[in-house]
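# Structural overview for review
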Amino acid sequence: MGGDCLGLGGSRGRHGNAPPPSFLPLPVRVLGLSGQGLQVLRPTKDPTAVERANLLNMAKLSIKGLIESALSFGRTLDSDYPPLQQFFVVMEHCLKHGLKVRKSFLSHNKTIWGPLELVEKLYPEAEEIGASVRDLPGLKTPLGRARAWLRLALMQKKMADYLRCLIIQRDLLSEFYEYHALMMEEEGAVIVGLLVGLNVIDANLCVKGEDLDSQVGVIDFSMYLKNEEDIGNKERNVQIAAILDQKNYVEELNRQLNSTVSSLHSRVDSLEKSNTKLIEELAIAKNNIIKLQEENHQLRSENKLILMKTQQHLEVTKVDVETELQTYKHSRQGLDEMYNEARRQLRDESQLRQDVENELAVQVSMKHEIELAMKLLEKDIHEKQDTLIGLRQQLEEVKAINIEMYQKLQGSEDGLKEKNEIIARLEEKTNKITAAMRQLEQRLQQAEKAQMEAEDEDEKYLQECLSKSDSLQKQISQKEKQLVQLETDLKIEKEWRQTLQEDLQKEKDALSHLRNETQQIISLKKEFLNLQDENQQLKKIYHEQEQALQELGNKLSESKLKIEDIKEANKALQGLVWLKDKEATHCKLCEKEFSLSKRKHHCRNCGEIFCNACSDNELPLPSSPKPVRVCDSCHALLIQRCSSNLP
């Protein structure tokens, strides 16, 4: 056995990429070195436990031999140093023990690079090693990357820290290792504890030049078989190594204690900062609640003002409608009187017609002149307004014509027939006027119904506002109770801060308590955000209600405009004066004289007489839905009034 390199499976020179053999087919438990060499025990029942024990003993021997030889060597180690090479081989076998086989289409893959990649996620300082390993150009296999990673971790003197992070996270390691693997059992923790002693060694390894993909991972037992002559020197070296191990262990403990103290200080600082932040957030929450209360008071005052304005507006509209109804009744009485007078005048005219029939024999000589006058009368009659004022004026014209006929003693049977037709038309026009009056009454009834509906809607809106204000008061009282609870919680936090300064051992309990309180504050933040959302919703409802009130105001203004139109129509029916044809010799606008070519035309709005050029306009009036002739000045006024009435 002196110079042979035997694998753990008993074969010579097995390739490193091949799946590792099971350790010692006839299980052998290596206990340590003695005067005769390795002590061997008989096989136990569980082969996996024996394999773990063998690997643990080999790791102890390799780590111990590496530390002793490095201390005696007295300078930095390079990659050609045999004990260092054997240490990496033993670590490779320890990490391969119990690996799960990753199946693929071509072959079964079993590599230690997978669990070593987890160290980057668990230990942020290991990201530099992972990045440098991936950037190496000569590495093509996962096994080569794992070997390079072990060498870089040894040079950083953090191999024990990295592997300790892996062993703690056993739920993540279970994805790569079987339950009986060395890294999943106590032996792995022991090996990690032994690796702390390697921090004494300084190594300078050139990873780029080595062919790590094709190296053969075989353990050489000849390094650990010693002669009796070297036992004395070895015992001395063992004592020196033990002293150095103790020194290094104490230094490592001091370093860990310093790191824990610094972490505790940083935690205390973070807790103080979090407490100050919580106090500031509570102050902000109080200010926000005060602002919300002020906004609530403002909204209540605004609602009261709106209710007062709407009530005043409704009272004013009621008074206006009553006055308009009274004026409408008076105007209707006046129209009835005018209608009765028109009927009387018609009776008088019928009597005059009988008198004229008796005198027809005398009027034959003036027949041609009467025909010309009748043609002019027909043109004037077709242009006259379809209202009661038009009837009255037309009756007056008929009277004037009959007086002229009586004075001139002119008439004929054809003229009498035409007069009968004119009277029938006048009766039709009176019927139309009565129908228009009935339509006006229906419109007034509709306006009264719309006003009643608007009052009902206002009452409903008042009830909704009162119910919403009550719900807001309840929510504000709940928030005040929560504020009292928060103040008590702050007092508890101050007491906890004093206890933390006195006893650092109770840090875990204080942290859990602070986490609970932070969760409560987060819930308070959520409730505050919900309050803000509810406030915005209330504002939206308020704006919608304002829009509804504006629409009601628009409807009321439209009804007022309609009533004003009715008033103007009544005034036009009552106060307009229909100018007689004889009284006008010139156009009122252009002041040109009338002649046979420049005819007279009445404006249906003001009753004045104009020429065709100054009255060449047609518009619908309140007295007639059809467009009728209007002068230029009345046309401009009516268009301006229509444009001002539009919303």
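Residues numbered from 1 in each chain as written. Predicted model: local features only at pLDDT ≥ 70, side-chain atom pairs only at ≥ 80, totals over all residues. Heavy atoms only, no water.

### Concerning the overall build of the chain
The following threshold applies: The way it works is that DSSP assigns letters per residue, a run of H or I at least four long becomes a helix, a run of E at least two long becomes a strand, and they are numbered from the N terminus. Here's how the labels work: a residue is buried when its accessible area is under 20% of the maximum for its type, exposed when over 50%, partly exposed in between, all with a 1.4 Å probe on protein chains only. The method behind every accessible area is Shrake-Rupley, applied with a 1.4 Å probe, and residues are considered shielded solely by the protein chains displayed.
A tally of helices and strands in the chain yields 14 helices and eight strands. Relative to its full complement of 647 residues, the chain shows a buried share of 35%. As presented, the chain carries roughly 40500 Å² of accessible surface, and 53% of it is formed by carbon and sulfur atoms.

### As for the pairing of strand 7 (residues 617-621)
So the rule is basically this: Here, strands pair whenever DSSP counts at least two bridges between them.
Along strand 7, the buried face is formed by Asn617, Leu619 and Leu621; none of Glu618 and Pro620, which line the opposite face, is buried. Sheet analysis places strand 7 next to strand 8 (residues 624-630), joined by five bridges and oriented antiparallel. Bridged to Glu618 within strand 8 is Arg629. Hairpin connection from strand 7 to strand 8: two residues lie between these consecutive antiparallel strands.

### Side note on helix 5 (residues 142-156)
Heads up, the condition is: Expected span of a helix: the number of residues minus one, times 1.5 Å. Throughout, a contact is declared for two residues whenever any of their heavy atoms are within 4.5 Å.
Helix length check: helix 5, at 15 residues, gives a terminal C-alpha distance of 21 Å against a target of 21 Å (1.5 Å per residue), a fit within 8%. With eleven of its 15 residues buried, helix 5 lies for the most part within the structure. Buried within helix 5 we find Leu143, Gly144, Ala146, Arg147, Ala148, Trp149, Leu150, Arg151, Leu152, Ala153 and Leu154. Elements in contact with the buried residues of helix 5: helix 2 (82-96), helix 3 (113-122), helix 4 (127-135) and helix 6 (159-168). One or two positions beyond helix 5, positive phi appears at Lys157, with a value near 60°.

### A word on the nonpolar core
How we decide: For the purposes of this section, nonpolar cores are sets of buried Ala, Val, Leu, Ile, Met, Phe, Trp, Tyr and Cys residues that join through side-chain atoms within 4.5 Å.
Phe87, Trp149 and Leu195 are the most contacted members of the largest nonpolar core, which has 61 residues in total. For this core, the secondary-structure elements that each account for two or more residues are helix 1 (47-73), helix 2, helix 3, helix 4, helix 5, helix 6 and helix 8 (186-195). Of all the elements, helix 1 adds the most residues to this core, at nine residues. Residues contacting Trp149, with those up to four places away along its chain left out, are Trp113, Leu116, Val119, Ile129, Val133 and Tyr162. Cys587, Leu621, Val628 and Cys634 belong to the second largest nonpolar core, which has 16 residues in total.

### Let's talk about the pattern of salt bridges
A pair can form between side chains of opposite charge whenever their charged atoms are brought close. The line we're drawing: The salt bridge criterion pairs a side-chain nitrogen of Lys or Arg with a carboxyl oxygen of Asp or Glu, the two atoms within 4 Å.
Taken as a whole and judged by the stated rule, the model has eleven salt bridges. We note a salt bridge from Asp202 to Lys157, for which the minimum N-O separation is 2.6 Å. Note that Asp202 is positioned in the loop between helix 8 and helix 9 (231-358) and Lys157 in the loop between helix 5 and helix 6, a separation of 45 residues in sequence. Judged by its relative accessible area of 39%, Asp202 is partly exposed. Overall, Lys157 belongs to the partly exposed group, its relative accessible area being 30%.

### Focus on unusual backbone geometry
Phi at Lys157 takes a positive value of approximately 60°, unusual for a residue other than glycine. Positioned with a positive phi, Glu591 is a non-glycine residue whose angle comes to about 60°. Within the element layout of this structure, Glu591 appears in the loop between helix 13 (507-575) and strand 5 (601-602). Overall, the relative accessible area of 60% leaves Glu591 in the exposed class.

### Quick look at the side chain of Asn199
Filter applied, for reference: A 3.5 Å cut-off defines polar contacts: any pair of N or O atoms within that distance qualifies, except that in protein one atom must be a possible hydrogen donor and the other a possible acceptor, and neighbouring residues in sequence count only when both atoms are side-chain atoms.
For Asn199, the position within the fold is in the loop between helix 8 and helix 9. A polar contact of 3.3 Å, which involves the side chain of Asn199, links it to the side chain of Glu252. Once you skip the residues sitting within four places of it in the chain, Asn199 turns out to touch Lys157 and Glu252.

### Brief notes about helix 4
Note the following rule: Think of the arc as the fan of directions from the helix axis to the C-beta atoms.
Of the residues making up helix 4, those classed as buried are Ile129, Gly130 and Val133. Relative to the axis of helix 4, the buried residues are bounded by an arc of 100° and lie together on one face. Across helix 4 from its buried face, at more than 90 degrees, point the exposed residues Glu128 and Asp135. Looking at the buried side of helix 4, the elements it contacts are helix 3, helix 5 and helix 6.

### Considerations on the environment of Leu84
For Leu84, the position within the fold is in helix 2. Residues Leu84 and Ser62 lie 22 residues apart in sequence; the distance between their C-alpha atoms is 8.4 Å. Not counting the four nearest positions on each side in its chain, Leu84 is found in contact with Leu66, Leu77, Asp78, Leu154 and Leu205.

### A closer look at the confidence of the model for the chain
Quick reminder of the rule: For every residue, the predictor states its confidence as a pLDDT score lying anywhere from 0 to 100.
Per-residue confidence for the chain gives a mean pLDDT of 76, with 79% of residues at or over 70. Here strand 1 (residues 29-34) is the element of the chain with the lowest mean pLDDT, 39, and strand 6 (residues 609-610) is the one with the highest, 90. Taken as a whole, residues 1-44 scores under 50 in pLDDT and shows 83 contacts with residues more than four places along the chain or in a different chain.

### Details of the packing of helix 1 against helix 2
The test is simple: Fitting a line to C-alpha atoms yields each axis, with helices limited to the stretch in contact; the angle taken between N-to-C directions then spans 0 to 180 degrees. With respect to orientation, any angle under 35 degrees is reported as roughly parallel, any angle over 145 as roughly antiparallel, any angle of 65 to 115 as roughly perpendicular, and every other angle as oblique. We call a crossing left-handed when the near helix sits turned anticlockwise from the far one by less than a right angle, and right-handed when that turn is clockwise. We call Asp, Glu, Lys and Arg charged. Ala, Val, Leu, Ile, Met, Phe, Trp, Tyr, Cys and Pro are nonpolar, and the rest, Gly among them, are polar.
It is the contact of helix 1 with helix 2, at a shortest axis distance of 9 Å, that shows an interaxial angle of 155°. In terms of orientation, helix 1 lies roughly antiparallel with respect to helix 2. Where helix 1 crosses over helix 2, the two elements pack in a sense that is left-handed. In contact with Leu55, Met58, Ala59, Ser62, Ile63, Leu66 and Ser69 of helix 1, helix 2 contributes Pro83, Leu84, Phe87, Val90, His93 and Cys94. Here the residues of the contact of helix 1 with helix 2 are counted per class, giving ten nonpolar, three polar and no charged.

### So, the environment of Gly65
Tracing the backbone through its elements, the reader meets Gly65 in helix 1. As for Gly65 and Val238, which are separated by 173 residues in sequence, their C-alpha atoms are 9.7 Å apart.

### Some words on a nonpolar patch on the surface
Spelled out, the test is: Each patch is built from residues lacking any salt bridge and having more than 30% relative accessible area; the joining distance is 9 Å for like charges and 5 Å for nonpolar side chains (Val, Leu, Ile, Met, Phe, Trp, Tyr).
A surface patch of nonpolar side chains, amounting to about 270 Å² of accessible area, comprises Tyr249, Val250 and Leu253. As for its position among the elements, Leu253 is in helix 9. What makes Leu253 partly exposed here is its relative accessible area of 32%.

### Remarks on the packing of aromatic side chains
Formally: Two rings from Phe, Tyr or Trp (for Trp, the six-membered ring) form a pair when their centres are within 6.5 Å of each other. A pair whose planes differ by under 30 degrees is stacked, one over 60 is edge-to-face, and the rest are tilted.
Going through the model one piece at a time under the given rule, you end up with three aromatic pairs. Here the aromatic rings of Tyr123 and Tyr162 are separated by 5.2 Å at their centres, their planes lie at 75°, and the arrangement is edge-to-face. Of this pair, Tyr123 sits in the loop between helix 3 and helix 4 while Tyr162 sits in helix 6, and the two are 39 residues apart along the sequence. Owing to a relative accessible area of 0%, Tyr162 belongs among the buried residues under this scheme.

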